[in-house]
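# Analysis of the macromolecular model
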Amino acid sequence: AKCRLKNFKHVLINNAVHDSVGGQPTGSVQIDFPGIARACGYQEAMRARSSEEVKNSLRKLKETPGPCFLEVQALPGARADLGRPTTSTHQNKDAFMNHL
């Protein structure tokens, strides 16, 4: 945030557990991530819990010059048929950036 990059958008998807290694709680539900982001100099810092809040927050994230932060509080767990990634991290970043 210190660099004040207008195109910097930081999204934290927080399910509050170490889902892939047994589901142990992380303790992150007690952490005010948007507050930390604001203290670090982010222009905008939000939290979204519902699908409607996520939709509205993503719209605001897209419209607001950065640096911006969004914590999405997600439920733990995954679908039983969830496959492994088929795209690279670079492809994922490009697809995400194009979506914003």
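The preceding data block contains the structure.
We now turn to the structure provided with this report.

Rules and cut-offs
Residues numbered from 1 in each chain as written. Predicted model: local features only at pLDDT ≥ 70, side-chain atom pairs only at ≥ 80, totals over all residues. Heavy atoms only, no water. Buried < 20%, exposed > 50% of the residue type's maximum accessible area, 1.4 Å probe, protein only. Helix = DSSP H or I, 4+ residues; strand = E, 2+ residues; numbered from the N terminus. Pairing = 2+ DSSP bridges. Right-handed = clockwise from strand over helix to strand, strands pointing away. Polar contact = N/O pair within 3.5 Å; in protein donor to acceptor, adjacent residues only side chain to side chain. Contact = heavy atoms within 4.5 Å. Phe/Tyr/Trp six-rings, centres within 6.5 Å; stacked < 30°, edge-to-face > 60°.

Burial within strand β4 (residues 44–48) is extensive, with 4 of its 5 residues counted as buried. In terms of strand pairing, β4 meets strand β5 (residues 68–73) through 5 bridges, oriented parallel. Across the sheet, R47 pairs through a bridge with E71, a residue of β5. For the crossover from β4 across helix α2 (residues 51–63) to β5, the handedness is right-handed.

What follows concerns the side chain of N14. Topologically, N14 is positioned in strand β1 (residues 9–14). Exposure remark for N14: the relative accessible area of 9% places this residue in the buried category. A polar atom in the side chain of N14 sits 2.9 Å from the side chain of S28. Those residues in contact with N14 that sit more than four places away from it in its chain are S28, F33, E71, V72, Q73 and A74.

What follows deals with the packing of aromatic side chains. Geometry of an aromatic ring pair is reported as the spacing of the ring centres plus the angle between the planes. By the definition in use, this model includes 2 aromatic pairs. Taken together, a centroid distance of 6.2 Å and an interplanar angle of 45 degrees make the contact between F8 and Y42 tilted. Taken together, the residues F8 in the segment before β1 and Y42 in the loop between α1 (33–39) and β4 connect sequence positions 34 residues apart. Among the residues examined, Y42 registers a relative accessible area of 13% and is labelled buried.

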